[in-house]
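What follows is each chain in one-letter form.
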Amino acid sequence: MLSAVLSADGNADMIISVLSPEIGRELPRTETDISRNGDSVLVKVTAKDVSAMRAALNSYLGWIRITEEITRM
């Protein structure tokens, strides 16, 4: 199993609200956990293989990026 942790600082409430439905869907061959640490959000991704990990990280990073772009407006 592979694991990675993404940390996003700032806008924790919005990031969690955006990611929560996605975590509920679960990506194939992965498990994801989201937690809050103050104004930071930690997303822990565990995957069965490299392809699944790459896909999951790309998805979560994309959703976080979109959230940050929206909050800058």
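Located above this text is the structure these notes cover.
Residues numbered from 1 in each chain as written. Predicted model: local features only at pLDDT ≥ 70, side-chain atom pairs only at ≥ 80, totals over all residues. Heavy atoms only, no water.

A. The arrangement of the side chain of glutamate 22 in detail. Its location among the elements puts glutamate 22 in helix 1 (residues 12–25). Its relative accessible area of 17% is what places glutamate 22 among the buried residues. Within the structure, the side chain of glutamate 22 is placed 3.0 Å from the side chain of arginine 25, a separation counted as a polar contact. (Helix = DSSP H or I, 4+ residues; strand = E, 2+ residues; numbered from the N terminus. Buried < 20%, exposed > 50% of the residue type's maximum accessible area, 1.4 Å probe, protein only. Polar contact = N/O pair within 3.5 Å; in protein donor to acceptor, adjacent residues only side chain to side chain.)

B. Region of the structure containing helix 2 (residues 50–72). When the terminal C-alpha atoms of helix 2 are compared, their 33 Å separation across 23 residues agrees well with the 33 Å that a helix rising 1.5 Å per residue should span. All of the buried residues in helix 2 are Ala52, Met53, Ala56, Leu57, Tyr60, Gly62, Ile64 and Thr67. Contacts made by the buried residues of helix 2 are with strand 1 (2–9), helix 1, strand 2 (30–37) and strand 3 (40–47). N-capping of helix 2 is provided by aspartate 49, with a side-chain oxygen placed 3.2 Å from the backbone N of serine 51. (Expected span 1.5 Å × (residues − 1). Contact = heavy atoms within 4.5 Å.)

C. Looking closely at the packing of helix 1 against helix 2. Across the interface, helix 1 lies against helix 2 with an axial gap of 10 Å and an inter-helix angle of 150 degrees. Considering how the two elements wind past one another, helix 1 and helix 2 form a crossing that is right-handed. Between helix 1, through Met14, Ile15, Val18, Leu19, Glu22 and Ile23, and helix 2, the contact on the second element is made entirely by Tyr60, Trp63, Ile64, Thr67 and Thr71. Counted by class, the contact of helix 1 with helix 2 contains 8 nonpolar, 2 polar and 1 charged residues. (Axes fitted to C-alpha atoms, helices over the stretch in contact; angles between N-to-C directions. Left-handed = near helix turned anticlockwise from the far one by under 90°. Nonpolar A, V, L, I, M, F, W, Y, C, P; charged D, E, K, R; others polar.)

D. Molecular detail of the pairing of strand 2. The pairing of strand 2 with strand 3 spans 8 bridges and is classified as antiparallel. For isoleucine 34, the partnering residue across the bridge sits in strand 3 and is valine 43. Between strand 2 and the antiparallel strand that follows it, strand 3, lie 2 residues; glycine 38 among them carries a positive phi value of about 70 degrees. (Pairing = 2+ DSSP bridges.)

E. A look at the packing of aromatic side chains. Enumeration according to the criterion identifies 1 aromatic pair in this entry. Centre to centre, the rings of tyrosine 60 and tryptophan 63 are 5.2 Å apart; their planes meet at 80 degrees, and the pair counts as edge-to-face. Linking tyrosine 60 with tryptophan 63, this pair stays in helix 2, spanning 3 residues, or about one helical turn. Judged by its relative accessible area of 23%, tryptophan 63 falls in the partly exposed class. (Phe/Tyr/Trp six-rings, centres within 6.5 Å; stacked < 30°, edge-to-face > 60°.)

F. The arrangement of the pattern of salt bridges in detail. Throughout the structure, instances matching the rule amount to 5 salt bridges. A salt bridge links arginine 36 to aspartate 13; its shortest N-O distance comes to 2.2 Å. With arginine 36 in strand 2 and aspartate 13 in helix 1, this residue pair connects regions lying 23 residues apart in the sequence. Relative accessible area serves as the criterion here: at 43%, arginine 36 is assigned to the partly exposed category. (Salt bridge = Lys/Arg side-chain N within 4 Å of Asp/Glu carboxyl O.)

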